[in-house]
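Each chain, letter by letter, is given below.
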Amino acid sequence: MSVLLTTTCAVPAAGAVLTAALPAGATEARRRTTKTVALAVSAVTLALAAAVALRFDPHGARYQLTESYSWIRSFGITFSLGVDGIGAVLALLTAVLVPMVMLASWHDADPGPAAPDGTLDPGTFERRRRTQGFFALILAVEAMVIVSFYATDVFLFYVFFEAMLIPMYFLIGGFGDRAGGPESARQRSYAAVKFLLYNLLGGLVMLAAVIGLYVIAQDQGFGTFDLPTLTDAVAGGSLKLSGTAQNALFLGFFFAFAVKAPLWPLHTWLPNAMGEATAGTAVLITAVVDKVGTFAMLRFCLGLFPDASKTFAPAILVLSLIGIVYGALLAIGQKDIKRLVAYASISHFGFIIMGIFALTSQGQSGATLYMVNHGLSTAAWMLVAGFLISRRGSRLIADYGGVQKVAPVLAGTFLIGSLATLSLPGLAPFVSEFLVLVGTFTRYPAIGVIATVGIVLAALYALLLYQRTMTGPVKEGVRSMPDLKVRELAVVAPLVALTILLGVYPRPLTDLVNPSVDATLSQVHRTDPAPAHPVAATSGGEQK
Amino acid sequence: MSASAVLAAAGGNTPSIPAPHVEYGQLSPMLVVFGAAVAGVLVEAFVPRRLRRWTQVSLSLVALVGAFVAVVVLAAQGHGAPRIDLLAMESVALDGPALFLQGVILLVAVVTVLTYAERRLEPKAGGEPADAFAAQAAATPGGEQERAAVRAGFTTTEVFPLTMFAVGGMLLFPAANDLLTMFVALEVFSLPLYLLCALARRRRLLSQEAAVKYFLLGAFASAFFLFGTALLYGYAGSVKLVDIADIVSGKTMTTAAQLSSTRSDVLLLTGLAMLAVGLLFKVGAVPFHSWTPDVYQGAPTPVTGFMASATKVAAFGAFLRLFYVAFPGLRLDWRPVLWGVAILTMVVGAVLAVTQQDVKRLLAYSSIAHAGFILTGVIAVNKQGLSSVLFYLAAYSFVTLGAFAVVTLVRDSKGEATHLSSWAGLGRRSPLVAAVFALFLLAFAGIPLTSGFTGKFAVFQAAAAGGATPLVIVGVLSSAVAAFFYIRVIVLMFFSDPKPGGPTVAIPSAFTATAIGVGVLVTLGLGLLPQYFLDLASKASLFAY
């Protein structure tokens, strides 16, 4: 039994403990040690996650590199890990983004100036430990997210799906961006609580469904949480779920994932959380943690409840369609850069969920690629926005103007991020958005057509933002803005490069993902609809 | 038996009243604790004042650890499970649940005694280190006599024997195999608790008010219990749980007592309802919960921790025995009622906790909500239900003890600063204490990887398997509401700015530090690697019948 997966999960977890235990950062040198250690741990994790993706054979078994250890025997719970193409790719995405986030947030957790009333003098524990806390929490989130992507035990997945809320909560509530005044502390804790309560409610509803699934399975002789066993039993008909039970359980699981993803109308926590958190944390939320929600829809909802998935697919498609249009419209109206990115993400998550529940192979491949591409492009966009905000000390769009004259590199990378967000052909998100739309169109033409409106609206919000902040006369306060530093360039350059590379040559990714998508789809007993024109059929076949 | 037969028997060679056969070995956990309690009273009378405290602390700890060792030895010898004995003329059952709960209660008591022994938190009084208890309990609050007692540096070492008596009663309560023994145990552990509630060093009036409330309502509840016992005796002609079960299920009647049974359903149902009232009061279930916040708030915090954990364990133990041994045949009658009680308890506990402004009251309402969660496991009426409740009780006790021990540390000039507003920014000044308290709160909220989650999962799973799916859904929703107020406290501690002149965190001695450390260890241990304890609970979940 290979222990590669466990190692990949354990390294960031151990790194989190180690980082937290490093000597307190009273001096800049101490803090740099902490950050370097955390960054090194995340680099090792990246290497391990890459090794997992390389060792995964797309044409081999469904779950590979499997490991299983007994954990809570009384409830049939095991610590079981295994990887399919989708999980491997998403874990790799996580491992790529975390070092970027760390580099981008290099100074975000440095102790700020002492509070005026002296309640927090520079010597207090909290201020000395701030840096350790921030980087340890990021590593903890990374470890938990990777476990979620690798888990093949429903209960194990649930535990980490829930537990990752706690470090995320402290990241949002404890380390906001410096732009806000005294009011921002209150808004930040509001955002953190809202994030936690929404997701906790979702998780608890899922807990009821998890228990329900276990009780039903136990009655029929499957006292286990092992996902492959359960999905095979459901597919093979040896585990029978009545229609009502299956629908109820599906909704329980789906609710939790829809909150996390987030799907309209359960999205309202996201703009708050992303707006108040640091840019790095916002990337963690939208590009890493939220992906667990969409990933879980693919793996758990479709695999365990195929019939219910088909029943509810049209309704979910309508909700995701609303999300696409609604998110984009609200993004256009935002005054705050980070909230704009958040609403844009809601629109993108609409596309991902639409791709999943169109139940076509193109739609689902597209959705999986979309998760990766959205992760990369939004990370680039958001992090550059974060650099911009940290220079001016304001999140308001109205405070900027003419930045491209002062800081051309910053503006240029921001433009690439914006163009990726609006799915410009040649950049990675185009491929996935196109696949999702085609995949949806073949089964639900009307929904596919309306969803294309989302592309037009995306062009509006992304370009309007660029125009208002970067072009025009140079605003007061922007005049002396420095351009990107080496550290910041080191963050943005790989993201931009990946966005372009995967836009031109998505093949490595599709090769990895497609067999797993087909396996998922066959669990739902769905084949792609017969195309109206035989010509289209051959071209569709080639595409696969 | 006619009167003449009795006379004839009495006059004959064979004695009509056999000398009771008492299995001292198997009863040793209780005997040791009661013995130490009696010895503690003697210590109060004969040992000089300056030696008394150390004598009492060591006596109590030695006795409790000894009793725990006795429990472990009994379990290792196969008592409880698989071997089930009825002791002391069948009035005490030595079965799995009894032994498991006795073990839990004893461990809880050890930790409690540690928190009692803490003397570094209070400022010195009369040149002597002071603990959490009144200098002289009998003195009028604020009166000259009290001031004199404080000046003289007196301490109330009586708390140790009182607690030992309470622990003894609690050990007996879940093991009692007939209604009268159960009642006696109930009184034995309740009376010392009433007294202990009144012994707070600070806020004496609040403390005495709490004691009076607890005593009055508790006396009512005991009366209900006793009346229920009488009615059931009228119904079954016996107070033995097993006899009652036989009559309920309509088995053939053999003994004379059973022949005299009236078999009146009115007596049976009224009696059962009254017993339930008495027990639901003790576990703090709605609608018999109203004493909880006041008493938890007024009592000295170490005593509150003890009540919130050990009392609940003992009372739920008796509750389980009553409903699983004596009245399984009536489950169609009592389950709907308990459904209602459980739903009300979860919802009321969670919703009212949201509005609380005092940490101790908040924890009180949270304990009410948890009583509701435990009831969902009770209602399952299957082996899983029993073992999940046992596990939940063990997990919950140590979280509670730890949480109340942390409360004793946060202090201002008036003693413990329990108002929530004064906890603002605690996480920034004392991150370690705040982090530990946050861990306990997360465990209360049932976040995965803590003991609270494992327990909640176990009871909900048992309830779902027992066909109580709606209860699970209500449980999950009230967990979400409950999570809100736990999180509110975490927000307050970590994300609010500390108030100038707010409370400070006192550095505890090794006693309280150990107590909190045990709480943290158990919380994480039962969350991360619960299998051994789940096995233990599962192995223990068979009642003597």
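Residues numbered from 1 in each chain as written. Chains lettered and ligands numbered in written order. Predicted model: local features only at pLDDT ≥ 70, side-chain atom pairs only at ≥ 80, totals over all residues.

An unreviewed UniProt entry lists chain B under the name NADH-quinone oxidoreductase subunit N, with Kitasatospora aureofaciens as the source organism. Regarding chain B, the UniProt comment filed under Subunit (unreviewed entry) reads as follows: "NDH-1 is composed of 14 different subunits. Subunits NuoA, H, J, K, L, M, N constitute the membrane sector of the complex." (UniProt positions renumbered as here; feature names shortened; annotations may be inferred.)

Taking an unreviewed UniProt entry as the reference, chain A is identified by name as NADH-quinone oxidoreductase subunit M belonging to Kitasatospora aureofaciens. Within the UniProt record for chain A, the comment given under Sequence similarities (unreviewed entry) is "Belongs to the complex I subunit 4 family."

**Q** Explain the overall build of chain B to me, please; I cannot follow it from the model alone.
**A** The secondary structure content of chain B amounts to 22 helices and five strands. Compactness check: chain B gives a C-alpha radius of gyration of 23 Å against a globular reference of 24 Å for 545 residues, within 12% of the reference. Principal-axis analysis of the C-alpha atoms gives chain B an extent of 80 × 55 × 40 Å. Taken across its 545 residues, chain B has 60% of its residues classed as buried. Of all intrachain contacts in chain B linking residues separated by at least 6 positions in sequence, the fraction that spans at least 24 positions is 79%. (Helix = DSSP H or I, 4+ residues; strand = E, 2+ residues; numbered from the N terminus. Rg over C-alpha atoms; globule rule 2.2 N^0.38 Å. Buried ≥ 20, exposed ≤ 12 C-beta atoms within 10 Å, placed from the backbone. Contact = placed C-beta atoms within 7 Å.)

**Q** How do you make sense of the overall build of chain A when you look at a structure like this?
**A** Counting secondary structure elements, chain A contains 21 helices and two strands. Compactness check: chain A gives a C-alpha radius of gyration of 23 Å against a globular reference of 24 Å for 544 residues, within 12% of the reference. Each of the three principal axes of chain A carries a C-alpha extent, and together these read 65 × 55 × 40 Å. Long-range contacts, defined as pairs at least 24 residues apart, comprise 81% of the intrachain contacts of chain A with a sequence gap of at least 6.

**Q** What is the right way to look at the sheet that holds strand S5 (residues 504-505) of chain B in this model?
**A** Working definition: the strands of a sheet are paired by backbone hydrogen bonds and lie parallel or antiparallel to each other. Residue and element names in this part refer to chain B. The three strands lie next to each other as S4-S3-S5, forming an open sheet whose pairing is antiparallel. Edge positions in the open sheet fall to strand S4 (415-416) and S5, since each of these has one partner strand only. With two bridges connecting them, strand S3 (residues 410-412) and S4 associate as antiparallel partners. Paired with Arg411 across the two strands is Glu416, which belongs to S4. (Pairing = 2+ DSSP bridges.)

**Q** Sorry if this is basic, but what is going on with the interface of chain A and chain B here?
**A** By a frequent convention, interface size equals the accessible area lost on bringing the separate parts together. At the junction of the two partners, chain A supplies 35 residues and chain B supplies 31 residues. Broken down by element, the residue count for the side of chain A that touches chain B peaks at 18 residues, all from helix H7 (residues 182-219) of chain A. Partitioned by chemical class, the residues of the side of chain A that touches chain B number 21 nonpolar, eight polar and six charged. (Nonpolar A, V, L, I, M, F, W, Y, C, P; charged D, E, K, R; others polar.)

**Q** So what exactly am I meant to see when it comes to the confidence of the model for chain B here?
**A** Low pLDDT means the predicted coordinates in that region are not meant to be read closely. Residue and element names in this part refer to chain B. Of all residues in chain B, 95% attain a pLDDT of 70 or more, and the chain-wide mean is 87. Mean pLDDT in chain B bottoms out at helix H1 (residues 3-11), which sits at 46, and peaks at helix H6 (residues 159-172), which reaches 95. Residue range residues 1-12 is modelled with pLDDT below 50. Its contacts to residues more than four positions away, or to other chains, number four contacts. For this predicted complex, the interface score ipTM comes out at 0.81, while the overall pTM is 0.87. (pLDDT = per-residue confidence, 0-100.)

**Q** Which parts of the structure should I look at to understand the packing of helix H2 (residues 28-46) of chain B against H6 of chain B?
**A** Packed helix pairs are specified by the crossing angle of their axes together with the interaxial distance, meaning the distance between the axes. All names here are of chain B. Here H2 crosses H6 at 160°, and the two axes come no closer than 8 Å. For the element pair H2 / H6, the angle class is roughly antiparallel. Here H2 and H6 pass one another in a crossing that is left-handed. Contact residues: H2 offers Pro29, Met30, Val33, Phe34, Ala36, Ala37, Gly40, Val41 and Glu44, while H6 offers Phe160, Pro161, Met164, Phe165, Val167, Gly168, Leu171 and Leu172. The residue inventory of the contact of H2 with H6, partitioned by class, reads 14 nonpolar, two polar and one charged. (Axes fitted to C-alpha atoms, helices over the stretch in contact; angles between N-to-C directions. Parallel < 35°, antiparallel > 145°, perpendicular 65-115°, else oblique. Left-handed = near helix turned anticlockwise from the far one by under 90°.)

**Q** How do you make sense of helix H7 (residues 179-197) of chain B when you look at a structure like this?
**A** Every α-helix winds through 3.6 residues per turn, so residues three or four apart in the chain are directed the same way. The terminal C-alpha atoms of H7 of chain B, which comprises 19 residues, lie 27 Å apart, in line with the 27 Å expected from a rise of 1.5 Å per residue. Taking burial as the measure, the 19 residues of H7 of chain B include 14 buried ones, the bulk of the element. (Expected span 1.5 Å × (residues − 1).)

**Q** Where do I start with the environment of Leu101 of chain B in this structure?
**A** Residues and elements named next belong to chain B. Among the secondary structure elements, Leu101 is positioned in helix H4 (residues 96-116). Remark: the alpha-carbon pair of Leu101 and Ala273, spanning 172 residues in sequence, is separated by 25 Å. Contacts of Leu101, omitting those with residues within four sequence positions, involve Pro174, Val313, Gly317, Leu390 and Leu393.

**Q** I'm lost on unusual backbone geometry in this one. Help?
**A** Apart from glycine, the bulk of residues carry a negative phi angle, and the bulk of peptide bonds sit in the trans form. Following Trp264 of chain A, the chain continues into Pro265 of chain A via a peptide bond in cis, with omega recorded as 5°. Secondary-structure assignment places Pro265 of chain A in the loop between helix H9 (243-260) and helix H10 (269-276). The step from Val286 of chain B to Pro287 of chain B runs through a cis peptide bond, and the omega angle for that step is 5°. Looking at where Pro287 of chain B falls in the secondary structure, it is placed in the loop between helix H11 (265-283) and helix H12 (291-298). One non-glycine residue, Ser423 of chain A, adopts positive backbone phi at about 60°. Residue placement: Ser423 of chain A occurs in the loop between helix H16 (408-421) and helix H17 (428-443). Among the residues examined, Ser423 of chain A registers 26 C-beta atoms within 10 Å and is labelled buried. Here the phi dihedral of Leu449 of chain B falls at roughly 75°; this positive angle occurs in a residue that is not glycine. With respect to the helices and strands, the residue Leu449 of chain B is situated in the loop between helix H18 (431-445) and helix H19 (451-465).

**Q** For this particular structure, what's the right way to read the confidence of the model for chain A?
**A** Summarising the model, chain A shows a mean pLDDT of 84, and 92% of its residues fall at 70 or more. Across residues 535-544 of chain A, where pLDDT falls below 50, the model places five contacts with residues more than four positions away in sequence or in other chains.

**Q** Could you clarify how one ought to interpret helix H11 (residues 279-304) of chain A in this entry?
**A** All names here are of chain A. With 26 residues, H11 should cover 38 Å at 1.5 Å per step; its first-to-last C-alpha distance of 36 Å lies within 8% of that length. Considering bend angle alone, the principal kink of H11 is centred on Lys291 and spans about 35°. By the criterion of burial, H11 is predominantly enclosed, with 26 of the 26 residues buried. (Bend = angle between axes of the 7 residues up to and from the residue.)

**Q** Could you clarify how one ought to interpret the packing of helix H16 (residues 383-407) of chain B against H19 of chain B in this entry?
**A** All names here are of chain B. The contact between H16 and H19 brings their axes to 8 Å, and the two run at 160°. If you check the angle between H16 and H19, you find them roughly antiparallel. Here H16 runs over H19; the crossing is left-handed. Two secondary-structure elements touch here, H16 through Gln384, Gly385, Ser388, Val389, Phe391, Tyr392, Ala395, Tyr396 and Val399 and H19 through Ser451, Gly452, Thr454, Gly455, Ala458, Val459, Gln461, Ala462 and Ala465. Class assignment of the residues belonging to the contact of H16 with H19 gives a composition of 10 nonpolar, eight polar and no charged.

**Q** Quick question: what am I supposed to make of the pairing of strand S1 (residues 64-72) of chain A here?
**A** On a regular strand, each side chain points to the face opposite its neighbour's, so the side chains alternate between the two faces of the sheet. Residues and elements named next belong to chain A. Where S1 meets strand S2 (residues 77-83), six bridges bridge the pair, whose relative direction is antiparallel. Each bridged residue has a counterpart across the sheet, and for Ser70 the counterpart in S2 is Thr78. In sequence, S1 turns back onto S2 through a hairpin of four residues, with Gly76 there showing a positive phi of about 65°.

**Q** Please clarify how the nonpolar core should be interpreted in this entry.
**A** By size, the foremost hydrophobic cluster in this structure holds 427 residues, and its most contacted members are Val89, Ala380 and Leu383 of chain A together with Val33, Ile105, Cys197 and Leu393 of chain B. Not counting chain neighbours up to four residues away, the residues in contact with Cys197 of chain B comprise Ser207, Ala210, Ala211, Tyr214, Val295, Gly298, Ala299 and Val303 of chain B. (Core = buried A, V, L, I, M, F, W, Y, C linked by C-beta atoms within 7 Å.)

**Q** Looking at this model, I keep getting lost on the environment of Leu180 of chain B. Mind explaining?
**A** Summarising the element assignment, Leu180 of chain B is placed in helix H7. Taking the C-alpha atoms as reference, Leu180 of chain B lies 8.1 Å from Leu226 of chain B; in sequence the two are 46 residues apart.

**Q** Looking at this model, I keep getting lost on the environment of Tyr63 of chain A. Mind explaining?
**A** All names here are of chain A. Checked against the element boundaries, Tyr63 lands in the loop between helix H2 (28-55) and S1. Residues Tyr63 and Val83, 20 residues apart in the sequence, show an inter-C-alpha distance of 5.1 Å. If sequence neighbours within four positions are ignored, Tyr63 has contacts with Gly82, Val83, Asp84, Thr152 and Pro228.

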